[in-house]
Amino acid sequence: MEKSTIVIHGGRPKRVTGAPLNYPIGATSTFVAGGSAIYSRFGTDVTRGLEDVVSDLEGGETLSFASGLAGVKAVIDTYARVMGRGIDVAIVEGAYNGTRMQLNSAKGIGVRSITTIPADSPGAFCSGLRSLEGVDLVWLETPTNPLMAVLPIAEAVVIAKGKGALVVVDNTFATPIATNPIEFGADVVIHSATKYFGGHSDVLGGTASFSDPALVKEVDLYRRLNGSILGDFEAFLILRGIRTLSLRVRAACENASSLIGLLGEYLGSESVHHPSLLVGASGYEFLPRQMLLYGSMLSFDLGPNPFVAERFCERLRLAINSTSLGAVETQVERREKQEVGISPGLIRVSVGIEAQRDLLDDFRQALDLL
Ligand code: PLP
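Residues numbered from 1 in each chain as written. Predicted model: local features only at pLDDT ≥ 70, side-chain atom pairs only at ≥ 80, totals over all residues. Heavy atoms only, no water.

Asks: How do you make sense of the site of the ligand when you look at a structure like this?
Replies: Neighbouring the ligand are the residues Ser67, Gly68, Leu69, Tyr96, Glu141, Asp170, Thr172, Ser192, Thr194, Lys195, Gly205 and Leu325. Ser192 is positioned such that a nitrogen or oxygen atom in its side chain is 2.9 Å from an oxygen atom of the ligand. Thr194 places a side-chain nitrogen or oxygen 2.6 Å from an oxygen atom of the ligand. Summarising the interface, the protein chains cover 90% of the accessible area of the ligand, which totals 390 Å² for the free molecule. Tallied by class, residues from the shell around the ligand come to 3 nonpolar, 6 polar and 3 charged. (Near = heavy atom within 4 Å. Polar contact = N/O pair within 3.5 Å; in protein donor to acceptor, adjacent residues only side chain to side chain. Areas by Shrake-Rupley, 256 points an atom, 1.4 Å probe, with all protein chains shown as cover. Nonpolar A, V, L, I, M, F, W, Y, C, P; charged D, E, K, R; others polar.)

Asks: When you look at the nonpolar core in this model, what are you seeing that I'm missing?
Replies: As a rule of thumb, nonpolar side chains are buried together in soluble globular proteins. Ranked by internal contacts, the top residues of the largest apolar core, which has 51 residues, are Phe125, Leu129, Trp139, Val188 and Phe210. Ranked by the residues each element gives to this core, the list is headed by helix H3 (residues 68-83), at 7 residues. In this view, Phe125 contacts Val92, Ile117, Pro118, Leu140, Leu151, Pro152 and Ala156; residues no more than four positions away in its chain are not counted. (Core = buried A, V, L, I, M, F, W, Y, C linked by side-chain atoms within 4.5 Å. Buried < 20%, exposed > 50% of the residue type's maximum accessible area, 1.4 Å probe, protein only. Helix = DSSP H or I, 4+ residues; strand = E, 2+ residues; numbered from the N terminus. Contact = heavy atoms within 4.5 Å.)

Asks: Could you clarify how one ought to interpret the environment of Leu230 in this entry?
Replies: Relative to the helices and strands, Leu230 resides in the loop between helix H7 (213-226) and helix H8 (232-242). Separated by 163 residues in sequence, Leu230 and Ser67 have C-alpha atoms that sit 7.3 Å apart.

Asks: Please explain the pattern of salt bridges as it appears in this structure.
Replies: Opposite charge on two side chains permits pairing when their charged atoms draw close. The full count for this structure, using the stated rule, is 17 salt bridges. Note that Arg224 is salt-bridged to Asp220, the shortest N-O span being 3.8 Å. Here Arg224 and its partner Asp220 are both found in helix H7, 4 residues apart, which amounts to about one turn of the helix. Taking relative accessible area as the criterion, Arg224 reaches 29% and is therefore assigned partly exposed. In this structure Asp220 comes out as buried when scored by relative accessible area, which is 19%. Salt-bridge contacts for Arg334 lead to Glu336; the nearest nitrogen and oxygen are separated by 2.8 Å. The exposure class of Glu336 is partly exposed, given its relative accessible area of 32%. Within the structure, one salt-bridge network assembled from shared partners comprises Arg100, Glu333, Arg335, Glu339 and Arg348. (Salt bridge = Lys/Arg side-chain N within 4 Å of Asp/Glu carboxyl O.)

Asks: Got a minute to help me understand the packing of aromatic side chains in this structure?
Replies: Aromatic ring pairs are described here by two measures, namely the spacing of the ring centres and the angle between the planes. On inspection of all chains with the given rule, the structure shows 4 aromatic pairs. Between Tyr39 and Phe42, the aromatic rings sit 5.7 Å apart at their centres with planes inclined by 65°, giving edge-to-face as the arrangement. On the accessibility criterion, Phe42 (24% relative accessible area) is partly exposed. Judged by centre distance (5.6 Å) and plane angle (80°), the ring pair of Phe300 and Phe312 falls under edge-to-face. Taken together, the residues Phe300 in strand E9 (residues 297-301) and Phe312 in helix H11 (residues 306-315) connect sequence positions 12 residues apart. Since its relative accessible area comes to 0%, Phe300 is described here as buried. (Phe/Tyr/Trp six-rings, centres within 6.5 Å; stacked < 30°, edge-to-face > 60°.)

Asks: Even after reading the chapter, I still don't get H8, so can you show me in this structure?
Replies: In an α-helix, one turn spans 3.6 residues; hence positions three or four apart end up facing the same way. Buried residues of H8: Asp232, Ala235, Leu237, Ile238, Leu239, Gly241 and Ile242, and no others. Along its buried surface, H8 packs onto helix H1 (3-9), helix H2 (45-58) and helix H9 (245-267).

Asks: Honestly, the sheet that holds strand E1 (residues 61-65) in this entry has me stumped. Any pointers?
Replies: Two pairing modes exist for strands in a sheet, parallel and antiparallel, and in both the strands are linked by backbone hydrogen bonds. The strand order E1-E7-E6-E5-E4-E2-E3 describes an open sheet built from 7 strands, whose pairing is mixed. The open sheet is flanked by E1 and strand E3 (111-117), the only strands paired with a single partner. Here the strands of the sheet are splayed against their neighbours by 20° on average, with no regard to which way each runs. Where strand E2 (residues 87-92) meets strand E4 (residues 137-141), 3 bridges bridge the pair, whose relative direction is parallel. Counterpart to Ile91 in the pairing with E4 is Trp139. Across the sheet, helix H5 (residues 122-130) is in contact with E2, E3 and E4; its angle to E3 comes to roughly 150°. Helix-sheet contacts for helix H6 (residues 153-162) involve E4 and strand E5 (166-170), and the interaxial angle to E5 is about 155°. (Pairing = 2+ DSSP bridges. Axes fitted to C-alpha atoms, helices over the stretch in contact; angles between N-to-C directions.)

Asks: Looking at this structure, how should I read the domain arrangement of the chain?
Replies: When the parts of a complex come together, some accessible area is lost, and that lost area is often used as the size of the interface. Here the chain is described as being made up of domain 1 (3-242) and domain 2 (245-368). Taken over C-alpha atoms, the centre of domain 1 sits 25 Å from the centre of domain 2. Listed by partner, the interface residues are 36 residues for domain 1 and 36 residues for domain 2. Taking both sides of the interface into account, the surface hidden between domain 1 and domain 2 amounts to around 2,900 Å²; carbon and sulfur atoms contribute 62%. Sorting the residues of domain 1 by area buried against domain 2 places Met148, Ile177 and Tyr196 first, and these three jointly supply 23% of that buried surface. The interface formed by domain 1 and domain 2 contains 1 salt bridge. Glu339 is the salt-bridge partner of Arg100, the closest N and O atoms lying 2.9 Å from each other. Inspection of the region where domain 1 meets domain 2 yields 16 residue pairs in polar contact (both at pLDDT 80 or more). Those elements that provide at least two residues to the side of domain 1 that touches domain 2 are H1, helix H4 (97-105) and H8. Split into classes, the residues belonging to the side of domain 1 that touches domain 2 amount to 20 nonpolar, 13 polar and 3 charged. (Domains from an automatic or database assignment. Buried area = accessible area lost by both parts, 1.4 Å probe.)

Quick look at the structure:
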């Protein structure tokens, strides 16, 4: 089935006479003994509905978590436990700063070493990965944040597997509508469901999808013991959001592509960062195969003065100055506020699904005032 059909029909109750179309939110922590439902910390109909549809989209078995970062932690901690020793982790430069902080906080208690692999180009990334002596876990995020570098998943998997490493891909920015990392050999796919899955800036959640059923079991045990499963209400909201994922992502990508044109006119295309601008460049032959859509995350640089960029963000009337992404509304953020080593004038945009003309008018009036 097409993804646009999976998002509509996946994760629903069995279609029998009188059945509800959606799993009702179960306001209960426990169940009368003897049935398949036991206790809500182990999973409910709604969390399983959400997990089923994400499994269908990503092609692996899925677990849901209270946030994206809770899923990240469950995978890192569980893999270290399975390995029975401190693990050596390689993480791509430009991976979500919360993931990097998470790894740092596990240093000495599960994580033995952390190496950052450069994301300047696919070639630089692959040779960085190749040069590693020992690595147990490769953490990939593509496109990267906030410079939108795109790294070749299939090639990274071949190199990582040659070293016996597990490959995790955070697919939050790309979304499963554009990219399925498991198809390219990844072992685990992470989503901050807070973002495109939920799609309305009104819920926190996360998912992890696994190609290896043995690892799912271990991570499920971790989740039960740590109580990090997603709540029923949140699962309901995210499942509701997923119904329009395909439509929203496609509309946002179209808006992004027009906005890139406008920003290029004002600032020059070298100041704008988006995967579509890499198509055809040497080393990016894999890109059209890896990304069926080029995404609605972009960034652009207004130069060394942070106040110019801050003022720009404040002058926008539709786009909202806020630190998240993947929602119906366009969001902007001067990214140096969240990450060290970023150009002070770099603004990240999560393009929403407003009418294209209104969105372009909004950016045009702010660009005119620069
Ligand atoms: N992964 C990426 C790429 C993110 O951008 C974020 C949050 O911004 C996370 C993971 C963490 O997700 P959450 O905020 O749902 O914990």
